[in-house]
Amino acid sequence: SVPPQSEGTAQWQGLVEEDETMRRGDYETMRSGKAQSFAKRHSLIVSLSHRLIVFFLFASSVHAGVRAEVSQIEVGPNQQVSYSIVFENVQPGAVPSLNLPPQIKLMGRARQQQQMGFDTNGQQFLVARYTWALVATEPGEFVIPAQDIVANSAPAKTNEVRLVVKEGFSGPAESEALLQISVDKTEIYQSEVVPVKATLFVPTSMRLRSNIGLIDLAKSDFAVQRFPLQSEQAVEVVGNQQYFVYTFRSTLSALKTGKLKLGPASTEFVVDEITRNDPRFPPGFAMQAGEPRRLQVRSQEINVTVLPLPAEGKPLGFSGAVGDFTLTARASPTSLAVGEPITVELAVTGVGNFDALVSPSLTKPEGWKTYPARRYNTNPSADPNAPQNMERQIGFTQVMVPEKQIAALPPFEMSFFSPTQKQYVVQRTEPITLQVRPGVGQPDAATAVAASASADTSVVRPPEADITDILLHLPSSPSLIGASGTSLLRRPLFWAVNALPLTLLIGALLIAYQRRRVEAAKDDRHAALRVLWQELNEAGSSQSEFYRRAARFIQSATDGASPPESVREVLRKYETLNFSASDAHSSASVTQSERTEVLAALAPLLAAKKKPTDALIMNAAVASRMIAFFAALIFTSAADAASPLQQRYDEVVAALEKKDFNRAQALTESIMGEGVLSPELFEIMGHTRYRQGDLGKAVLWYERASLFTPGVPEIRQNLRHLGDKLRYLQFIETDPAKKLGLLFMPNTWILIASGGGWLALLGIAGALVIPKKNLRVWSTVAACIGVLVLAAAITGMLIRPAGAELVKDRFIVTNKGAKSHTAASITAGTVIELPPGSALRLLEKRGAWSYVEIPSAPDNLRGWVESDILNPLWPWPVALVP
């Protein structure tokens, strides 16, 4: 029952009646088509709000209470439902903490609302509401217990609420927006294009205040075409709830195989939520009272099984296209002369992955000169915000020139995998009849045949290279790539060996110094001998004095050595005259004949040259010992290189010679798995990969070997053969300075510099040691040449790119059918095909996609590729690369 009205209540009732009259009149005016200005309606709403406040200040006798409710009693697992605590004419306290069963999860914080409502008698009352989003994780029947709250500053409890969660329930929760995604089938092939639909259910109790945002679908495992902004709109009734339904359509394709999850999808928008409809206004009408609310909804996930394309029956020219296509061709003109161009228009129509299609190929290209085909889209330009049509059409324009008289244009063919037929399909066009006349100045076909029969066959053209296989280059022993790098500058043995010319130079200086001392001493002794010789020639000396002078001359000339036999008689005569008891002849004068005889015997001693001294002999002996030491050191180092690795390497070579390629590969990988790296092992891996048909991996291993042995002719020829076979892309150095530096490996430049240094030092040593003037000139020339060679080698080492620069961010494509795209999506436009063995330079990596630089002429290209097709050129530490 309604209590008696107080004075304030009566006053309020009058205001309400007046306001109702104004609103009713405004509504009738609007229905009759009379326009009201925005200012008057705004004033009316403000006046109404003020009067509502006055009403709630005096309406103390109106019904008050607290209750809990859910937006929908029956829901499905993981389906969102709203749980609300409603305060009617009660002042709510702080936001309560919910007590929920463990199977029900809370999604976010509470949303607060406060607005006016109507009871069944038409009485107005104040409503405050706390609303939470809940999700039940498993099916069952649950009871949300009574919640402890505060109302009018006093403790209170809500009622219990029952929630039934049913498996397979798909209807949207009452009074809540829901987003659902669906695909036509859940078992698809990789790269197959399938339609995907996103459906948004918005209760009619919500009025959209903004456009619906883009539908965002997780793209980690799928390439998804962007959903349009426009949608298909309808109104549906699900259960007892009416919904606005917005449907968005797009397409997707799987990036990898296996059991994948599609979704969830999400979007967001702003609505005015209308809790109770005014019966005087139609549902969703703008005059209904509502509270703005931003909604972000997420869809469910869908399990999708992605099948790989079968390996059996794959056509040779298969480019990765998956779908159902139709190929047609037309040519113009059909009547032409040899050498005149003909334009062929090829049209591909159907449903599928059009971005993977390449230009159809001519089945019999003999007698035709073809030019690259140009691709274009034949579909009319459509609004990118509108839903996409699955069926498309693209075209290729091919310009061709007949080189001889041909009766018909051969068929064009294309291959693709049909998911409906579950097999590869090769489709061909029909031959097109042509009338090809002889060109200007050319004979007709019969005349040409006769002329060719009588032509002079004496002219023999040199044969062209036709490499059909690889060369198995098998070095006798492997050269190891050490942990400290392969540079000779880091090896003590290199410095020890190169110390030899410096040692020889020092020895030459010592020898030259000693020689000058000997020459000086020799000159001094020769002067003394000349004095003694003059004394011997003086007349009037006694026999004893003459022979004493002769003995002194012999002793000085021989420098203490054993005198020659020719002068020993002179010494015996000296001993007889000076040491015998009789001195009868000691005072007698020397006869002229005796003097002449003695001087003739002593004359050879005056002109004799001095033999090398002991010091010179000692220096030569020291130099020979040092040379022997360095030779022994080199031999010992070479002997130490032999290790158990040689035995394992011999096993690999033996397996390769027996054509047991699997065993050879396994043995090589086991050696490298222990951290042993060698260019010979890389080369053997290239041989085994080629024999097993993995040509992309063969290029990768040959390129790794060529980093250390670029001068091996067999490796260069094998790469040339693979290049002719695969037509892979590779970077070509254009900088002249770097090209000059890359002529030789760093160790080669070091050896050239070492040789120049040896030549310079030996030339300097020769100029110091060699006594002859003309030979010293040649030694000086050799020293100058050595200095020039040393300077050139040092320059080559400085301008040569470092090893880290040669392999940094460098990758090799080894997969077949790889392509680069204009965006990080398999359905995006293509840039260029990437044959196995193609080199790429990584610029940026974003998850499953990489942004790369692609070699091309005249300018390199850029595009996106899938990261899993990239194999690093050098996965080991870059310090090992020369």
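Keep in mind the model is a prediction, meaning the values are calculated, not measured.

## Observations concerning the overall build of the protein chain
So, point 1. Along its length, the protein chain carries 17 helices and 40 strands.
So, point 2. With 882 residues in all, the protein chain has 40% of them scored as buried.
So, point 3. Restricting the contact set of the protein chain to residue pairs at least 6 apart, pairs at least 24 apart contribute 72%.

## Remarks on the side chain of Glu 680
So, point 1. Mapped onto the elements of the fold, Glu 680 is located in helix α11 (residues 679-691).
So, point 2. With a relative accessible area of 11%, Glu 680 lands in the buried category.
So, point 3. Once residues within four sequence positions are removed from consideration, Glu 680 is found in contact with Pro 475, Ser 477, Pro 478, Ser 479 and Tyr 649.

## Focus on the confidence of the model for the protein chain
So, point 1. Chain-level statistics for the protein chain give a pLDDT mean of 77 and a share of 77% at 70 or above.
So, point 2. Confidence drops under a pLDDT of 50 for residues 445-459, and excluding neighbours within four residues, the segment shows two contacts in the predicted structure.
So, point 3. In the model, residues 634-642 has pLDDT below 50 throughout and makes three contacts with residues more than four positions away in sequence or in other chains.

## Quick word on the pattern of salt bridges
Side-chain pairs of opposite charge can arise whenever the charged atoms involved come near each other.
So, point 1. Overall, the coordinates contain 18 salt bridges when judged by the stated rule.
So, point 2. Of the charged contacts in the structure, one is a salt bridge between Glu 232 and Arg 249, with a shortest N-O distance of 2.7 Å. Here Glu 232, found in strand β16 (residues 232-238), pairs with Arg 249, found in strand β17 (residues 241-254); they are 17 residues apart in sequence, far enough to count as distant.
So, point 3. Note that Glu 853 is salt-bridged to Arg 841, the shortest N-O span being 3.1 Å. Taken together, the residues Glu 853 in strand β38 (residues 849-854) and Arg 841 in strand β37 (residues 839-846) connect sequence positions 12 residues apart.
So, point 4. A single network of salt bridges, built from pairs that share partners, joins Arg 67, Glu 69, Glu 88 and Arg 129.

## A few points about a nonpolar patch on the surface
So, point 1. A cluster of nonpolar residues, Leu 759, Leu 775, Val 777, Trp 778, Val 781 and Ile 785, forms a patch on the protein surface that exposes about 560 Å² of accessible area.
So, point 2. With five residues, helix α16 (residues 773-799) is the largest single contributor of residues to the nonpolar patch.
So, point 3. Considering the arrangement of structural elements, one finds Trp 778 in helix α16.
So, point 4. Exposure remark for Trp 778: the relative accessible area of 63% places this residue in the exposed category.

## Here's the deal with the sheet that holds strand β2 (residues 74-75)
So, point 1. The three strands are arranged β2-β9-β6 in an open sheet whose pairing can be described as mixed. In the strand order of this sheet, the two ends are held by β2 and β6 (140-144), each with one partner.
So, point 2. Sheet topology note: the β2/strand β9 (residues 161-165) ladder contains two bridges and is parallel. The residue of β9 that forms the bridge with Val 75 is Val 165.

## Brief notes about the packing of aromatic side chains
To describe a pair of aromatic rings, you give the distance between the ring centres and the angle between the ring planes.
So, point 1. The final tally for this structure, using the stated rule, is 19 aromatic pairs.
So, point 2. Here the aromatic rings of Phe 325 and Phe 416 are separated by 5.2 Å at their centres, their planes lie at 85 degrees, and the arrangement is edge-to-face. Placement of Phe 325 in strand β22 (residues 323-332) and of Phe 416 in strand β30 (residues 412-418) is noted, with a sequence separation of 91 residues between them. Phe 416 carries the same exposure label as Phe 325, and that label is buried.
So, point 3. Taking the centre distance of 6.4 Å and the plane angle of 50 degrees together, the rings of Trp 701 and Trp 876 count as tilted. Placement of Trp 701 in helix α12 (residues 695-706) and of Trp 876 in the segment after β40 (870-872) is noted, with a sequence separation of 175 residues between them.
So, point 4. In this structure Trp 701 comes out as buried when scored by relative accessible area, which is 9%.

## Focus on the packing of helix α9 (residues 644-657) against α11
The geometry of a pair of packed helices is captured by two quantities: the angle between their axes and the separation between those axes.
So, point 1. It is the contact of α9 with α11, at a shortest axis distance of 12 Å, that shows an interaxial angle of 20 degrees. Put simply, α9 runs roughly parallel to α11. The handedness of the crossing between α9 and α11 comes out as left-handed. Residues Tyr 649, Val 652, Val 653 and Leu 656 of α9 touch α11, and the partners they reach there are Glu 680, Leu 681, Ile 684, His 687 and Thr 688.

## What to know about the environment of Gln 555
So, point 1. With respect to the helices, strands and loops of the structure, Gln 555 is situated in helix α5 (residues 543-558).
So, point 2. We classify Gln 555 as exposed; its relative accessible area is 56%.
So, point 3. Gln 555 sits 16 residues away from Leu 571 along the chain, and the two C-alpha atoms are 9.8 Å apart.

## A few points about the sheet that holds strand β25 (residues 361-362)
So, point 1. If you walk across this open sheet you meet the three strands as β25-β30-β31, and the pairing is antiparallel. Looking along the sheet, the strands with just one partner apiece sit at the ends: β25 and β31 (423-428).
So, point 2. Direction of pairing for β30 relative to β31: antiparallel, over a ladder of six bridges. Paired with Ser 418 across the two strands is Gln 423, which belongs to β31.

## Overview of α16
So, point 1. Given a rise of 1.5 Å per residue, 27 residues ought to cover 39 Å, and the 40 Å separating the end C-alpha atoms of α16 matches this to within 8%.
So, point 2. The set of residues buried in α16 consists of Ser 779, Ala 783, Gly 786, Ala 793 and Gly 796.
So, point 3. Buried residues along α16 sit against α14 (736-741) and α15 (746-769).

Cut-offs used in this document
- Residues numbered from 1 in each chain as written.
- Predicted model: local features only at pLDDT ≥ 70, side-chain atom pairs only at ≥ 80, totals over all residues.
- Heavy atoms only, no water.
- Helix = DSSP H or I, 4+ residues; strand = E, 2+ residues; numbered from the N terminus.
- Buried < 20%, exposed > 50% of the residue type's maximum accessible area, 1.4 Å probe, protein only.
- Contact = heavy atoms within 4.5 Å.
- pLDDT = per-residue confidence, 0-100.
- Salt bridge = Lys/Arg side-chain N within 4 Å of Asp/Glu carboxyl O.
- Patch = residues over 30% accessible without salt bridge, like charges linked within 9 Å, V, L, I, M, F, W, Y side chains within 5 Å.
- Areas by Shrake-Rupley, 256 points an atom, 1.4 Å probe, with all protein chains shown as cover.
- Pairing = 2+ DSSP bridges.
- Phe/Tyr/Trp six-rings, centres within 6.5 Å; stacked < 30°, edge-to-face > 60°.
- Axes fitted to C-alpha atoms, helices over the stretch in contact; angles between N-to-C directions.
- Parallel < 35°, antiparallel > 145°, perpendicular 65-115°, else oblique.
- Left-handed = near helix turned anticlockwise from the far one by under 90°.
- Expected span 1.5 Å × (residues − 1).

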